[in-house]
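Coordinate analysis (summary)
Read off the chains here:
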Amino acid sequence: MEERHYDASDLTILEGLEAVRLRPGMYIGSTGQKGLHHILWEIVDNAIDEAANGFADKIDVRIYKDGSVSVEDNGRGIPTDIHPKTKVSGVEVVFTQLHAGGKFDEHNYSFSGGLHGVGASVTNALSKWLKVRVWKDGKTWEMEFRSYYDEKKKKFESGIPVGPLTDMKQRTKRHGTFVHFMPDDTVFATVNYDREAVMRRLNELAFLNKGLAITFTDERITRNEYYAAGGEEEGEATQLDLMGATEPFSVSYRYEGGIADFALYLTDGKQRLYQKPLYYRTEKDGILVEFAIQHTNEFTESLFSFVNNIPTPEGGFHEIGFRSGLTRMLNDYARDNKLIKDKDANFLGDDFREGLTAVLSIKMKNVQFEGQTKTKLGNPEAKSPVESATVEGLRTLAAEPKLRRSFEEIIKKAQGAARVRVAARQAKDNARAKNSIDNLMLVGKLAASTGKKPELNELFIVEGDSAGGTAKQARIRSFQAILPLKGKPLNVEKKRLDQVLANEELRTLISALGAGMGNEFNVDKINYHKVIILSDADQDGFHIRCILLTFFFRYMRPLINAGHVYIGMPPLYKVYKPNGSVEEYAYDDNELQEKIEKVGRGYLIQRYKGLGEMSAEQLWTTTMDPARRNLTQVTIEDAVAAEDMITTLMGDKVEGRKEFLNRNANFNKQDSFADRMKARKEGTNEEE
């Protein structure tokens, strides 16, 4: 390569918000719909922080017909006076300076979420325009920002003030902030907000902030249109009327019970062991700890944790402290009440957590989240206060006579779980003892890859021997393995651990992955970094996909969190000329029309009812070739939504399942379950 002169003049200095515009993914994760929602949540988080610190009790979020969004709160209002260092108003500082805001000073906010001072400015930088109105000290202030391409400078100007903060000379008793912005469609792949996703998060925030009233309005759709499309909540029939035909859809959330109501919401439709959740709130060593627990007759644990209102689906030190405190206190309670014999060992934590649904919310200063996505709490100092608060809270609750039966039900449930655990352990021991036999059984089913590097290896889980035989012929043995399943695997949502371990198909899958299961699962030991569910595009295939995803979610969740689970996308149609000169594949009905037009007159159509109907060459070309295939990566962006989806589809909520399937199931589309757990396509044109 030719050597080129390189000096200080070659260094680029990005001023203002240029860096955000140039590399938006560094600040919001992506420019897909996830990133689009992120710039909304940063403004919402600012309003929530006002509420969490006792300065606001009302937040309104609105999506307008033109796609713009506004967030209004009745908090203190952004400072409007002149900043001593920058010599511009506080509003201008907040919306144009990265790492500027009131959250670095503990006197202003005891607790805060958001991006630690970059949220409002990032939202401004990635919007076509942004308008701010502040009601403060009896006055109304307004300011506007715009992003545009400057022809003279030959560069994009991001979030530039149209003018200074202006006193509108309107006296008022109101207080708070109103932010209205239009996401930039030259930045984002889509500027269409997902109504249901916004509603879920706002509902969650209302649960986490007791007494906070949150209103959401979507002017893109009327009340009647929303309910007519099947958007009824809790199955309530809605009377369509003339007013609803023109009135925008709107919903309000407010929970006086806070996360105790959240626990009831999460266990709706399940058989609860006691009707009132066990709820406690206290402060330990400067950390506000709040938890609610509810046991059901289910067999798996569901713990949802939050730090300063931010979900932490990958856990952290607060979850470790909570689980430890729960186990310690309940064992003490069992011994004090002679529910454990002196000669018997203590229960394990797993025993107490069988069928447990818990919400843990803490608020603390100087939060350290691991990773840019803020999904795991990295503050070791949180463990001890949370553990202490959990022990104290449960002891206080256990001392109430009216709650005695609740604790007795928990111990009874743990006793049953312990018996199953012993049986399951025996099953595992037996499995290990006959390890060679299991391996021989696995050899008969699994067509393993020859490659020794797990990061390069792929495991295709296919439906039946017919599809398995085709896939084995189509694969490249050096990195692709094939595991055919005989019939539908066990639906683990309704089964105990010992029943799961007794299922031959699931045992085979566990053995193939080689990383254990449940609490013993170690994602670092997996044999394949791509686990691909490849089922037929029909109702049976959809069901198998749901069953396998439920198994991974319940017993191998780190596999999903690490991004190792994928859905294979086989085509539904082949459009071709009889002479074989043209051959195109379509993955849905819309694409079918495009392929028909491309192939032209004299075309024929082959409809694939299953993978077994495809030749090895066709399966490789359309579904297994890394250069051409479509894979959907399964991720869990919203653990609460994923939990609700699995409970609805795979649990005992028959009416809820019928309603969901009637509204969403389209077996000619390659989506539904995995897409609703959030997905992205693999390949050169990777999309969020």
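For clarity, every value in this text was computed on a predicted model and none was experimentally measured. Each residue is numbered by its place in its chain's sequence as written, counting from 1. Only residues with pLDDT of at least 70 are given local features in this predicted model, and only at 80 or more are side-chain atom pairs given and counted; all residues enter the totals for whole chains, interfaces and linings. Side-chain figures throughout are based on the complete set of non-hydrogen atoms in the structure, without hydrogens or water.

Re the pattern of salt bridges
- Here a salt bridge means any side-chain nitrogen of Lys or Arg lying within 4 Å of a carboxyl oxygen belonging to Asp or Glu. This model, assessed by the stated rule, comprises 40 salt bridges.
- Of the charged contacts, one joins Glu643 and Lys270 as a salt bridge, the two residues approaching to 3.4 Å between their closest N and O atoms. With Glu643 in helix H22 (residues 639–650) and Lys270 in the loop between helix H9 (259–266) and strand S10 (278–284), this residue pair connects regions lying 373 residues apart in the sequence. Each of the two residues, Glu643 as well as Lys270, counts as buried. The helix count covers DSSP runs of H or I at least four residues long, the strand count covers runs of E at least two residues long, and both are numbered beginning at the N terminus. Any residue under 20% of the maximum accessible area for its type is buried, any over 50% is exposed, and the rest in between are partly exposed; the area is computed with a 1.4 Å probe on protein chains only.

Let's talk about the side chain of Glu298
- Inspection of the secondary structure assignment puts Glu298 in the loop between strand S11 (287–295) and strand S12 (302–307).
- The sign given to each residue is positive for Lys and Arg and negative for Asp and Glu; His and the chain ends receive no count. Nearest to the buried, unbridged Glu298 among oppositely charged side chains is Lys270, at 5.0 Å.
- Among all residues touching Glu298, those that are not within four sequence positions of it are Lys270, Glu354, Gly355, Lys413 and Glu493. Residues count as neighbours in contact if any of their non-hydrogen atoms are within 4.5 Å of one another.

Some thoughts on the pairing of S12
- Counting buried positions along S12 yields six of six residues, so the element is predominantly enclosed.
- Residues Ser302, Phe304 and Phe306 point to one face of S12 and Leu303, Ser305 and Val307 to the other, with burial holding for every one of them.
- Two strands pair if DSSP finds at least two bridges between them. Sheet topology note: the S12/strand S14 (residues 356–363) ladder contains six bridges and is parallel. Looking at S14, one finds that Ser302 is bridged to Thr357.
- Note that S12 and strand S13 (residues 310–311) share two bridges and pair antiparallel. Bridging across to S13, Phe306 finds its partner in Pro311.

Observations regarding the packing of helix H17 (residues 504–513) against helix H18 (residues 539–555)
- Relative orientation of the contacting elements H17 and H18 amounts to 60°, with a least axis distance of 13 Å. Taken together, the axes of H17 and H18 lie oblique to each other. H17 and H18 meet at a crossing whose hand is right-handed. Contacts from Leu506, Leu509, Ile510 and Leu513 in H17 reach Leu548, Phe551 and Phe552 in H18.
- In terms of residue class, the contact of H17 with H18 is made up of seven nonpolar, no polar and no charged. All axes are obtained by fitting lines to C-alpha atoms, using only the stretch in contact for helices, and the reported angles, taken between N-to-C directions, cover 0 to 180 degrees. Orientation categories follow fixed angle ranges, with anything under 35 degrees roughly parallel, anything over 145 roughly antiparallel, 65 to 115 roughly perpendicular, and all other angles oblique. Crossings are assigned a handedness: left-handed for a near helix turned anticlockwise from the far helix by less than a right angle, right-handed for a clockwise turn. Three classes are used, and their members are as follows: Ala, Val, Leu, Ile, Met, Phe, Trp, Tyr, Cys and Pro are nonpolar, Asp, Glu, Lys and Arg are charged, and the others, Gly among them, are polar.

Describing the sheet that holds strand S21 (residues 604–607)
- Reading across the sheet, the three strands line up as S20-S19-S21 and stay open at both edges, with antiparallel pairing between neighbours. Lying at the two open borders of the sheet, with one neighbouring strand each, are strand S20 (583–586) and S21. Strand-to-strand twist across the sheet, computed as the mean angle between neighbouring axes with direction ignored, equals 20°.
- Along the sheet, helix H20 (residues 589–599) makes contact with strand S19 (573–576), S20 and S21, crossing S20 at roughly 165°.

Comments concerning the environment of Glu144
- On the secondary structure map, Glu144 appears in strand S4 (residues 139–150).
- With 17 residues separating them in the primary sequence, Glu144 and Pro161 have C-alpha atoms 5.9 Å apart.

Notes on the environment of His529
- Here His529 shows up in the loop between H17 and strand S17 (530–534).
- In this structure the C-alpha to C-alpha distance between His529 and Leu459, which are 70 residues apart in sequence, comes to 8.2 Å.
- In contact with His529, not counting residues within four places along its chain, are Pro454, Glu455, Asn457, His564 and Tyr566.

Quick look at the confidence of the model for the protein chain
- The pLDDT score gives, residue by residue, the confidence of the prediction method on a 0 to 100 scale. Scored by pLDDT, the protein chain comes out at a mean of 84, with 84% of its residues at no less than 70.
- Low pLDDT, under 50, characterises residues 5–15; the predicted model gives this stretch six contacts beyond four residues in sequence or across chains.
- A low-confidence stretch, residues 233–237 (pLDDT under 50), is modelled with five contacts involving residues beyond four sequence positions or located in other chains.

Remarks on helix H3 (residues 33–52)
- Taking 1.5 Å per residue as the helical rise, H3 with its 20 residues ought to reach 28 Å, and the 27 Å between its terminal C-alpha atoms agrees with that figure.
- In terms of residue burial, H3 counts as a mostly covered element, since 16 of its 20 residues are buried.
- Backbone geometry just downstream of H3 places Gly54 in the positive-phi region, at approximately 85°. One less than the number of residues in a helix, times 1.5 Å, gives the span that helix is expected to have.

Looking at the nonpolar core
- Of all hydrophobic cores here, the largest spans 113 residues; its most connected members are Leu40, Phe95, Leu202, Leu459, Phe551 and Phe552.
- By residue number, the principal contributor to this core is H18, which donates ten residues.
- In contact with Leu40, other than residues within four places in its own chain, are Val61, Val69, Val71, Phe181, Tyr193 and Val198.
- Among the nonpolar cores identified, the runner-up in size contains 40 residues, and Leu330, Phe347, Leu377 and Phe407 belong to it. The definition of a nonpolar core used throughout is a set of buried Ala, Val, Leu, Ile, Met, Phe, Trp, Tyr and Cys residues joined through side-chain atoms within 4.5 Å.

Considerations on unusual backbone geometry
- Of note, the phi angle at Asp285 is positive, near 50°, even though the residue is not glycine.
- Within the secondary structure, Asp285 is located in the loop between S10 and S11.
- Phi is positive for Asn366, which is not a glycine, with a value near 55°.
- If you trace the backbone, Asn366 turns up in the loop between S14 and helix H12 (383–398).

Examining the packing of helix H15 (residues 464–474) against helix H21 (residues 616–624)
- Their axes nearest at 8 Å, the elements H15 and H21 cross at an angle of 80°. Classified by the angle their axes make, H15 and H21 are roughly perpendicular. Residues Thr470, Ala471, Gln473 and Ala474 of H15 lie in contact with H21, whose contacting residues are Ala616, Leu619, Trp620 and Met624.
- Along the lines of polarity and charge, the residues of the contact of H15 with H21 split into six nonpolar, two polar and no charged.

With respect to the sheet that holds S14
- As summarised here, the arrangement of the five strands in space is S10-S11-S14-S12-S13, forming an open sheet in which the pairing is mixed. Among the strands making up the open sheet, the edge pair consists of S10 and S13.

Points about the pairing of strand S18 (residues 565–568)
- Of the two faces of S18, both are covered, the one formed by Val565 and Ile567 as well as the one formed by Tyr566 and Gly568.
- Relative to S18, S17 runs parallel, the two sharing three bridges. Across the sheet, the residue bridging to Ile533 is Ile567, located in S18.
- Relative to strand S22 (residues 631–634), S18 runs antiparallel, the two sharing three bridges. Bridge pairing links Gly568 to Leu631 in S22.

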